[in-house]
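Structural overview
If you want the building blocks of each chain, they are given just below.
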Amino acid sequence: MPTYKLTYFDVTGLGESLRFLLSHSGVKFEDVRLKFDDWPKYKPNMPMGQMPVLEIDGKQYHQSRAIGRFLAKKNNLYGSDDFEAMEIDAAVDSMDDIRQALSLYYWQQDPALKEKLKETAFEKWPYYLDKFEEQVKKNGGYFVNGKLSWADFLWAGYCEYLSFILGGDPNKDHPELKKLVEKVRALPNVKAYIEKRPKTQL
């Protein structure tokens, strides 16, 4: 049996959907959570100086979407053909586009630039949410083809981080997205993980 170790900050962010995927798949993994103050010490030993990093039998793999895609393929969450896989990738990339826009605004220190980035992000946000809602409604409660996929895990994983940035539930006016997140969080192994995970600020 391979050994898995996921290393990320002690937050949800880019790591939570991977923790959800690993838990749902029944993969035992070491959940290593670094404090922000400790990051400079570990950064030189990380591929590209970034996290999350998934270590499998001692070998490091990086980039959250590459890791997510790998776990999805291993656990039948990446569609049944190349067309479904492409739709899943498109949904994932769209989610990442809006997450990045909101993150750039939120963490920006320069007040003038922050205001400009906020304006851009909040112009995009309702458009993306409406499109996601429409997609999930059209696909029987999931992002792609009426069945559970990596895209559903990613949105459920991002929502806590987005709640922190937005100061409230990102899905509150979008019932299909809200139901989808509840479905993912209610999956037995995901639910068990959520019940035992450390409490984090974001």
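Residues numbered from 1 in each chain as written. Predicted model: local features only at pLDDT ≥ 70, side-chain atom pairs only at ≥ 80, totals over all residues. Heavy atoms only, no water.

This next bit is on the domain arrangement of the protein. Under the domain assignment, the protein is made up of domain 1 (4-75 + 189-196) and domain 2 (82-187). The C-alpha centroid of domain 2 is placed 20 Å from the C-alpha centroid of domain 1. Tallying the contact residues gives 16 residues for domain 1 and 19 residues for domain 2. Interface of domain 1 and domain 2: buried area, both sides summed, is about 1,500 Å²; carbon and sulfur atoms make up 66% of it. (Domains from an automatic or database assignment. Contact = heavy atoms within 4.5 Å. Buried area = accessible area lost by both parts, 1.4 Å probe.)

Let's shift gears to the pattern of salt bridges. Applying the stated criterion across every chain yields a total of 17 salt bridges. As a salt-bridge pair, Arg69 and Asp89 come within 3.3 Å of each other at their nearest N and O atoms. With Arg69 in helix H3 (residues 64-74) and Asp89 in helix H4 (residues 82-107), the pair connects residues that are 20 residues apart, well separated along the chain. The closest approach of N and O atoms between Glu160 and Arg197, which form a salt bridge, is 2.5 Å. Of this pair, Glu160 sits in helix H6 (residues 150-166) while Arg197 sits in the segment after helix H8 (188-196), and the two are 37 residues apart along the sequence. The partly exposed category is assigned to Glu160, whose relative accessible area is 23%. Arg197 gets classed as buried once you look at its relative accessible area, which sits at 17%. Overlapping salt bridges bring together Asp10, Glu16, Arg19, Asp31, Arg33, Lys35, Glu160, Arg185 and Arg197 as one network. (Salt bridge = Lys/Arg side-chain N within 4 Å of Asp/Glu carboxyl O. Helix = DSSP H or I, 4+ residues; strand = E, 2+ residues; numbered from the N terminus. Buried < 20%, exposed > 50% of the residue type's maximum accessible area, 1.4 Å probe, protein only.)

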